[in-house]
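Chain by chain, the residues:
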Amino acid sequence: MSYLAQYNSIPPDDVATRTSLISGWLRTDTRPFFAELRRSQPVFQTPAFTLVTRYNDVIDVLRRNADFSVKIYGDKMDRVVGPHMLGRDHSLQNTRDKPFMRVAMPDADAERVRGMVRRWLEDLLPDESDDFDVVREVSRLIPVKLCAEYFGFPGPDVATMMRWSKATQTDFFKNIQRDTRIHEAAVSAGRAMKSYLKELISEREQAIRTDSGAVEQTVVDHLVQLYIDGHLPLEPEALIANIAGLLIGAVETTSQAIAQTLQQILLREDVHELALTAIRAEANDDLLDITNEALRFNPINPLLFRYTETDTVLAAGTPHAHPVRRGTTIFACTASAMWDGEVIQFPDQFSTNRSRHHYLHFGVNSHECLGRTLGETMIVEVVSALLQRGARPIDGTEGAIQFNGGPFPESYRIELTGQA
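The structure displayed is predicted, hence computed values, not measured ones. All residue numbers refer to positions counted from 1 along the written sequence of the respective chain. Totals for whole chains, interfaces and linings use every residue, but because this is a predicted model, local features are given only for residues with pLDDT of at least 70 and side-chain atom pairs only at 80 or more, for both listing and counting. With hydrogens and water set aside, each side-chain value is computed from the structure's full complement of heavy atoms.

## What about the sheet that holds strand S5 (residues 304-308)?
Sheets are built from strands paired through backbone hydrogen bonds, the pairs being either parallel or antiparallel.
Here is step 1 of the chain: Taking strand neighbours across the sheet as the criterion, the 5 strands line up as S1-S2-S8-S5-S3 in an open arrangement whose pairing is mixed. The strands lining the two open edges of the sheet, one partner per strand, are strand S1 (43-45) and strand S3 (68-69).
Here is step 2 of the chain: Here the rule is simple: two strands pair whenever DSSP picks up at least two bridges between them. Secondary structure elements are defined from DSSP: runs of H or I of at least 4 residues count as helices, runs of E of at least 2 residues count as strands, and each element is numbered from the N terminus. Two elements, S1 and strand S2 (residues 50-52), share 3 bridges in a ladder whose sense is antiparallel. Directly across from Val-43, in S2, lies its bridge partner Val-52.

Here you go:
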């Protein structure tokens, strides 16, 4: 029986069962379920949310910020870290804050970050063959180290930084059911993080005002220097929220991307060899194409949430145009869009020749990830280092990525043979 037939066999008034069925497929049967929707019902309305599955329609939703907003995220962010650009559309936080953050962390810093990551990995990776847990030993730790050395936000300790990041990331981007326990954990983490950052910024401001030579090459110090010079029109609360966002956006998503990218490469001997060839040639752009394609097969964000601000039409001008009412939650299914054969040629094939704009791993338009280039650099460097040290998959369930009932990878065991 098809997915739609199973869904339609449930009485329409049994909303809980219908919603539970869809939620289950989104966790376990994503690719075949999306394929059926793209083919038969590209815009699929349920009592709880509406799924948009074709590439052009997904892009349309993500570009129409006035109609489909990020309010779902913003309401929670305000209570946890304060007003932030990730939770706003066409607002002061977008037009004012984002340019200053780009000045403080320009894409040109990618090569400096690459050098940092390589240095950290030399210390973290074993020299000899060993069983190795990617998540527990590197993929979470590397972005926390980035927060400390590049962002200038070391936190009280590594464990606390990981806890703050996980609690807030889970609430903002995974807690669609608005579980109060998840939200309260995020509020608690946000309160402690804001207190820490208030003190950190004060210390850095005092040090720089006392000695201009004390400015370090970190994002925090760049922002504080701009503030001292009168070029940063941010109130202290906004500065804290933006710096907190660096940690929130860096750790869990990068860790998940590293684990899932490496897994997809190791599943394919030809792709594994292709990656090693790129590594030996120091062809970072080629390796980026490989990692982007690997993530297409197991993306970190299979869908993005949007709130419908006004009565409007989804997929307007198409045979599957669908009216939608204000207040409807939209699931823009990016994982489905990247498999849409109407736009993505030969989607079932692993290809490194795709246009990069077809990859939706880091969002699009005004909500494209601010740290995309830095994130891509970390992913490429960690995957490269593991492959160079002879990463091999472990068979069976022991070698599967373990989520332990949560939204993010908690363990991914591989074998490092010591030789590529």
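Right, picking up where we left off after that structure.
## Here's the deal with the environment of Val-61
Here is step 1 of the chain: Its place among the elements puts Val-61 in helix H4 (residues 55-63).
Here is step 2 of the chain: The exposure class of Val-61 is buried, given its relative accessible area of 1%.
Here is step 3 of the chain: Sequence separation of Val-61 and Thr-397 is 336 residues, and the distance between their C-alpha atoms is 38 Å.
Here is step 4 of the chain: Apart from residues lying up to four places away in sequence, Val-61 is in contact with Val-52, Phe-68, Arg-306, Leu-314, Ile-330 and Ala-332. Only protein chains enter the accessibility calculation, which uses a 1.4 Å probe; a residue whose area is less than 20% of its type maximum is buried, one above 50% is exposed, and one in between is partly exposed. Between two residues, a contact is recorded if the distance between any of their heavy atoms is within 4.5 Å.

## Description of the environment of Phe-331
Here is step 1 of the chain: Mapped onto the elements, Phe-331 comes out in strand S8 (residues 329-332).
Here is step 2 of the chain: For the pair Phe-331 and Ala-259, spaced 72 residues apart in sequence, the C-alpha to C-alpha distance is 24 Å.
Here is step 3 of the chain: Not counting chain neighbours up to four residues away, the residues in contact with Phe-331 comprise Leu-26, Phe-49, Thr-50, Leu-51, Val-52, Ile-176, Leu-303, Leu-304 and Phe-305.

## Describing the sheet that holds strand S9 (residues 391-393)
Here is step 1 of the chain: What the 3 strands build is an open sheet, ordered S4-S10-S9; its pairing is antiparallel. If you trace the sheet from one side to the other, it starts and ends with strand S4 (130-133) and S9, each paired once. Averaged over neighbouring strand pairs, the angle between their axes works out to 40 degrees when direction is ignored.
Here is step 2 of the chain: Where S9 and strand S10 (residues 413-416) come together, 3 bridges link them in antiparallel fashion. Residue Pro-393 lies in a different strand from S10, and its bridge partner there is Ile-414. Axes here refer to lines fitted to C-alpha atoms; in helices the fit is confined to the stretch in contact. Angles between the N-to-C directions go from 0 to 180 degrees.

## A short note on helix H9 (residues 141-151)
Here is step 1 of the chain: Across the 11 residues of H9, 8 count as buried, placing the element largely inside the fold.
Here is step 2 of the chain: Every buried residue of H9 is listed here: Leu-141, Ile-142, Pro-143, Val-144, Leu-146, Cys-147, Tyr-150 and Phe-151.
Here is step 3 of the chain: Residue Gly-152 follows H9 closely and has a positive phi angle near 80 degrees.

## Looking at the layout of surface pockets
Here is step 1 of the chain: Lining residues are those with an atom within 4 Å of a point, where the points come from a 1 Å grid over the protein atoms alone and group into cavities, where a 1.4 Å probe fits but cannot get out, or pockets, open sets with protein on both sides within 12 Å along at least five of seven lines. Grid points are joined across faces, edges and corners, and a volume is the space filled by probe spheres set on the points. Space inside the second largest pocket adds up to approximately 250 Å³.
Here is step 2 of the chain: Together, 16 residues line the second largest pocket, and Arg-118, Ile-279, Glu-381, Ser-384 and Gln-388 are the ones closest to its centre.
Here is step 3 of the chain: Secondary-structure elements contributing two or more residues to the lining of the second largest pocket are helix H7 (110-124), helix H14 (269-280), helix H15 (284-297) and helix H17 (372-388).
Here is step 4 of the chain: A total of 5 residues in the lining of the second largest pocket trace back to one element, the largest contributor, which is H17.
Here is step 5 of the chain: Following the grouping adopted for this structure description, the nonpolar residues are Ala, Val, Leu, Ile, Met, Phe, Trp, Tyr, Cys and Pro, the charged ones are Asp, Glu, Lys and Arg, and the polar ones are all others, Gly among them. Broken down by class, the residue content of the lining of the second largest pocket amounts to 7 nonpolar, 3 polar and 6 charged.

## Side note on the nonpolar core
Here is step 1 of the chain: Residue types Ala, Val, Leu, Ile, Met, Phe, Trp, Tyr and Cys, when buried and joined through side-chain atoms within 4.5 Å, form a set referred to as a nonpolar core. The biggest cluster of nonpolar side chains holds 129 residues, and the ones touching the most others in it are Phe-33, Leu-51, Phe-151, Leu-386, Leu-387 and Ile-414.
Here is step 2 of the chain: No other element matches the 16 residues that helix H13 (residues 236-266) contributes to this core.
Here is step 3 of the chain: The contacts of Ile-414, once residues within four sequence positions are left out, are Asp-130, Asp-131, Phe-132, Val-134, Leu-262, Leu-266, Leu-386, Ala-391, Arg-392 and Ile-394.

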